[in-house]
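Spelled out, the chains give:
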Amino acid sequence: MTQEKSGLPEGLHPETYAVRQASARSSYGEHSEALYLTSSFVQHDCETAASHFAHPHEGYTYTRTGNPTVASFEQRLARMEGTQCAAATSTGMAAILLVALTTLKAGDHVVASQSMFGSTMKLLGTEMARFGVETSFVSQTDVAAWQAAVKPSTRLLFAETPTNPLTDLCDIHALADVAHNAGALLAVDNSFASPILQRPVEFGADLIVHSGTKLIDGQGRVMAGAVCGSETLVGGVMSTFLRSGGLSLSPFNAWVVLKGLETLALRVKAESAAALELAGWLEQHPKVTCVHYPGLASHPQHALAMRQQSGMGGTVLAFDVAGSTPEQLRANAFHVIDSTRVCSVTANLGDVKTTITHPASTSHGRLSEEQRQAAGVKQGLIRISVGLEHLDDLKADLLRGLDALA
Ligand SMILES: *Cc1c(COP(=O)(O)O)cnc(C)c1O
């Protein structure tokens, strides 16, 4: 929310901003960005204090309302997303809550994908309903269904692309047209692609939401979130609400994700290349019936993915193991997952350590079997978030279980 001149020239490439954009150095001239681990800031005198409290952009007073380390993260992420501003939040869900509470009021309507992150569905579908906001959930991939769900009271379209775990895409450009023709805003959750693969603002999105907990940290250490967008929306109404609402990111976590942004491009490109090779290799295995990965030509939206995601498929893939009954599919998937000795069985993703999960019994465990079938999440489905281990070791890790399947 606090925008300072960093002294960098305009028009540099995102790679350069990823390691250079930050708040000004302190008088000590530290090379790595300072971590300002302080809850308040000492004022020179009463006149200065009065002026800083009246104009938060002019000086720091209290970390909930602004902190130089947090500002460094915000400026750097905004540069990478190509937006005027970013507002950092304590978690990804706090970022989505911030969007909901500042763009919607009682009587408003939202159109959102039915395949989004579970907590996002709950927040928009259940929690916001208590405040008089109604949300229609529609097909991730069918633009006509989004259009058909729009009402005069629609103020927000909320998309997440690609989805977890099946990697279905939203066509951001098409949804931006639907939103803008209806006088609504389009928000895109970009946690799975990151600005390295996908800059939604270039396709017309108004707001970009991040869980910094995932790829941006990239090493599974802290929780963080952000909303990116215009000076008016994000620099204005959202930053003001964030300060009063206390959704602020801690300086320590901001420093960790700030350093995460420096290696984001290297990690995402390497993990994405590894995911592509692993996906192609899995497609050849006789015990694998289907691989879901946008980088593969077999993905139904491969062409859109290449257009929208800088020619890359991303770091997450999913595949179905063979089996006839739901019980057998589940047993086979459990066997493959439990046979791994390198991959971590944990729900986090976007980490340099490869993670492997069984969506039907974890992220999608609370759905009925019917709802799961509708979502395409079968009992034999396994999700992998590919990290930086040697590919041969990952393949051997998966073969341990796959080769033993009857
Ligand atoms: C994890 C995640 C979130 C929520 O982020 P938190 O940092 O856990 O609050 C939102 N959207 C997507 C796509 C996620 O993967």
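Structure: see above.
Residues numbered from 1 in each chain as written. Predicted model: local features only at pLDDT ≥ 70, side-chain atom pairs only at ≥ 80, totals over all residues. Heavy atoms only, no water.

A. Main features of the overall build of the chain. Per the secondary structure count, the chain includes 14 helices and 11 strands. Scaling as 2.2 N^0.38, a compact globule of 406 residues should have a C-alpha radius of gyration of about 22 Å, and the chain matches this with 22 Å. Considering only C-alpha atoms, the chain reaches an extent of 80 × 50 × 35 Å along its principal axes. With 406 residues in all, the chain has 52% of them scored as buried. Taking contacts inside the chain between residues at least 6 apart in sequence as the whole, the part at least 24 apart equals 72%. Averaging the coordinates of the 29 positive side-chain charges in the chain and doing the same for the 38 negative ones gives two points 2 Å apart. (Helix = DSSP H or I, 4+ residues; strand = E, 2+ residues; numbered from the N terminus. Rg over C-alpha atoms; globule rule 2.2 N^0.38 Å. Buried < 20%, exposed > 50% of the residue type's maximum accessible area, 1.4 Å probe, protein only. Contact = heavy atoms within 4.5 Å. Lys, Arg positive; Asp, Glu negative; His and termini not counted. Charge placed at Lys NZ, Arg CZ, Asp CG, Glu CD.)

B. Quick peek at the pairing of strand β2 (residues 109–113). The element β2 is extensively covered by neighbouring structure, given that 5 of its 5 residues are classed as buried. Side chains His109, Val111 and Ser113 of β2 all project onto a buried face; the interleaved residues Val110 and Ala112 project onto the opposite face, where all are buried too. Here 5 bridges tie β2 to strand β3 (residues 134–138), and the two strands are oriented parallel to one another. By the bridge assignment for β3, Val110 is matched with Thr135. Each parallel crossover has a hand, and the one from β2 via helix α5 (residues 118–127) to β3 is right-handed. Sheet topology places β2 next to strand β4 (residues 154–160); 4 bridges connect them, and they run parallel. Each residue of the ladder has a partner; that of Ala112, found in β4, is Phe158. (Pairing = 2+ DSSP bridges. Right-handed = clockwise from strand over helix to strand, strands pointing away.)

C. Just the site of the ligand, in detail. Residues in contact with the ligand amount to 13 residues; listed here are only the nearest, Met93, Asp189, Ser211, Thr213 and Lys214. Within the backbone of Gly92, a nitrogen or oxygen atom sits 2.9 Å from an oxygen atom of the ligand. A distance of 2.7 Å is found between an oxygen atom of the ligand and a side-chain nitrogen or oxygen belonging to Lys214. Considering the ligand on its own, with 380 Å² of exposed area, one finds that the protein chains cover 93% of that surface. A per-class count over the shell around the ligand returns 5 nonpolar, 5 polar and 3 charged. (Near = heavy atom within 4 Å. Polar contact = N/O pair within 3.5 Å; in protein donor to acceptor, adjacent residues only side chain to side chain. Areas by Shrake-Rupley, 256 points an atom, 1.4 Å probe, with all protein chains shown as cover. Nonpolar A, V, L, I, M, F, W, Y, C, P; charged D, E, K, R; others polar.)

D. Highlighting helix α9 (residues 231–245). The principal kink in α9, of about 35°, is found at Met238. Taken together, the buried positions of α9 are occupied by Val234, Gly235, Met238, Ser239, Leu242 and Arg243. On its buried face, α9 sits against β1 (85–89), α4 (92–103), β6 (207–211) and β7 (225–229). Just downstream of α9, Gly246 is the residue with a positive phi angle, here 70°. (Bend = angle between axes of the 7 residues up to and from the residue.)

E. Broad picture of the environment of Leu37. Tracing the backbone shows Leu37 in the loop between α1 (14–20) and α2 (46–54). Spatially, the C-alpha atoms of Leu37 and Val316 are 34 Å apart, while their sequence positions differ by 279 residues.

F. Looking closely at the packing of helix α10 (residues 251–283) against helix α14 (residues 391–402). Axis separation between α10 and α14 bottoms out at 11 Å; the angle between their running directions is 35°. Seen along the crossing, α10 lies across α14 with a hand that is right-handed. When α10 is examined against α14, the residues Ala274, Glu277, Leu278, Trp281 and Leu282 are found in contact with a partner set consisting of Leu391, Lys395, Leu398, Leu399 and Leu402. Broken down by class, the residue content of the contact of α10 with α14 amounts to 8 nonpolar, no polar and 2 charged. (Axes fitted to C-alpha atoms, helices over the stretch in contact; angles between N-to-C directions. Left-handed = near helix turned anticlockwise from the far one by under 90°.)

G. Summary view of unusual backbone geometry. The omega torsion of the bond from Thr161 to Pro162 falls at -5°, within 30 degrees of zero and hence cis. If you trace the backbone, Pro162 turns up in the loop between β4 and α7 (172–181). Of note, the amide linkage connecting Asn164 to Pro165 takes the cis form, showing an omega dihedral of 0°. As for its placement among the helices and strands, Pro165 is situated in the loop between β4 and α7. With a phi angle near 55°, Thr167 is a residue other than glycine that sits in the positive phi range. Relative to the helices and strands, Thr167 resides in the loop between β4 and α7.

H. Quick peek at the packing of aromatic side chains. With the rule as written, the count across this model stands at 1 aromatic pair. Centroid distance Phe41 to Tyr60: 5.5 Å. Interplanar angle 35°. Geometry classified as tilted. A residue pair is termed long-range when its members are at least 10 positions apart, and Phe41 in the loop between α1 and α2 and Tyr60 in the loop between α2 and α3 (68–81) qualify at 19 residues. Tyr60 carries the same exposure label as Phe41, and that label is buried. (Phe/Tyr/Trp six-rings, centres within 6.5 Å; stacked < 30°, edge-to-face > 60°.)

I. Local environment of the sheet that holds strand β5 (residues 185–189). Strand order in the open sheet formed by 7 strands is β1-β7-β6-β5-β4-β2-β3, and the pairing between neighbours is mixed. If you trace the sheet from one side to the other, it starts and ends with β1 and β3, each paired once. Strand-to-strand twist of the sheet, defined as the mean angle between neighbouring strand axes without regard to direction, takes the value 20°. Inspection of the sheet shows β4 paired to β5 by 5 bridges, in the parallel sense. Residue Glu160 lies in a different strand from β5, and its bridge partner there is Asp189.

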